[in-house]
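Examining the three-dimensional arrangement
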Amino acid sequence: MSKFTVIDHPLIQHKLRILRDKNTSTKDFRELVNEIATLMAYEVSRDMQLEDVEIDTPVAHTTVKQLTGKKVAVVPILRAGLGMVDGVVKLIPAARIGHIGMYRDEKTLEPHEYFIKLPEDIEKREVIVVDPMLATGGSAKDAIAALKKRGARYIKLMVLVAAPEGVKAVQAADPDVDIFAAALDDHLNDKGYIVPGLGDAGDRLFGTK
Ligand SMILES: O=c1ccn([C@@H]2O[C@H](COP(=O)(O)O)[C@@H](O)[C@H]2O)c(=O)[nH]1
Ligand SMILES: O=P(O)(O)OP(=O)(O)O
Ligand SMILES: [Mg+2]
């Protein structure tokens, strides 16, 4: 089974507290989503490979570490995942960006894919799928399936708020995909919203409701 990690750093928890508040403005919501994504990316990239290289400091010749290994692709699930991209790219500036457009049918809660565009060499890259909310898990599972169909092999899922139902669903479907969240909430309500959650992340990010 894949790993599920809650990154509960105090700064992340504090920023998430503001994000959840229904009175937080669209502007602040956007900024906070990016800030939390940056802080989470630090932990999500912890297992990146390093190699030894020799350099000269102004004082001595020495052996130090530098990044090696797989390059990264960040793949937001549209729309809401877009809000996390800049935050991750701030830490991993060479990352390529793919996009997967997905909306949830409000009644059935089934995800529907409407757009996909990925870096050509996606099979060689470590892929970080980003979406603020993991609710039923349907959107994440379909996004991961679409990535695997196109050859992606090294996939991580990074969300802000997860519901137990979504974690269970992704772990069952994709035991090779580690999941990182800033919080594990209580449950889903009958409309498929995470409780307590933060509402519809896409609408709050883009001010569409
Ligand atoms: O509280 C919520 C729950 C869901 N969303 C949006 O839906 C998808 C994830 O839903 P799944 O049921 O896991 O497919 C996610 O992309 C969000 O955009 C939400 O905003 N708030
Ligand atoms: O998953 P949805 O339907 O909430 O999509 P969006 O992220 O566009 O709000
Ligand atoms: Mg939405």
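How each quantity is defined
- Residues numbered from 1 in each chain as written.
- Chains lettered and ligands numbered in written order.
- Predicted model: local features only at pLDDT ≥ 70, side-chain atom pairs only at ≥ 80, totals over all residues.
- Heavy atoms only, no water.
- Pairing = 2+ DSSP bridges.
- Helix = DSSP H or I, 4+ residues; strand = E, 2+ residues; numbered from the N terminus.
- UniProt positions renumbered as here; feature names shortened; annotations may be inferred.
- Buried < 20%, exposed > 50% of the residue type's maximum accessible area, 1.4 Å probe, protein only.
- Contact = heavy atoms within 4.5 Å.

What follows deals with the pairing of strand S3 (residues 61-67). Here strand S2 (residues 50-56) pairs with S3 via 7 bridges, running antiparallel. Each residue of the ladder has a partner; that of Val53, found in S3, is Val64. In this structure, the hairpin formed by S2 and S3 is closed by a connection of 4 residues.

This part takes up the UniProt feature "binding site: 5-phospho-alpha-D-ribose 1-diphosphate" (unreviewed entry) in the protein. Residues given the UniProt feature "binding site: 5-phospho-alpha-D-ribose 1-diphosphate" (unreviewed entry) here are Arg79, Arg104, Asp131, Pro132, Met133, Leu134, Ala135, Thr136, Gly137, Gly138, Ser139 and Asp200. Structurally, Arg79 can be placed in the loop between strand S4 (72-78) and helix H3 (82-91). Given a relative accessible area of 33%, Arg79 falls into the partly exposed group. Among residues more than four places away in sequence, those in contact with Arg79 are Tyr114, Asp200, Gly202, Asp203, Phe206 and Thr208. Relative to the helices and strands, Ala135 is located in the loop between strand S9 (133-134) and helix H4 (138-149). On the basis of relative accessibility, which here comes to 12%, the residue Ala135 falls in the buried class. Every residue in contact with Ala135, bar those within four places of it in the chain, is listed here: Arg104, Ala163, Glu165, Gly166, Leu188, Gly192 and Ile194.

Take Ile179: it is sitting in strand S11 (residues 178-184). C-alpha of Ile179 to C-alpha of Phe4: the two residues are 175 residues apart in sequence and 4.8 Å apart in space. For Ile179, the contacting residues outside a window of four places in its chain are Lys3, Phe4, Thr5, Leu134, Leu157, Val167, Val170 and Gln171.

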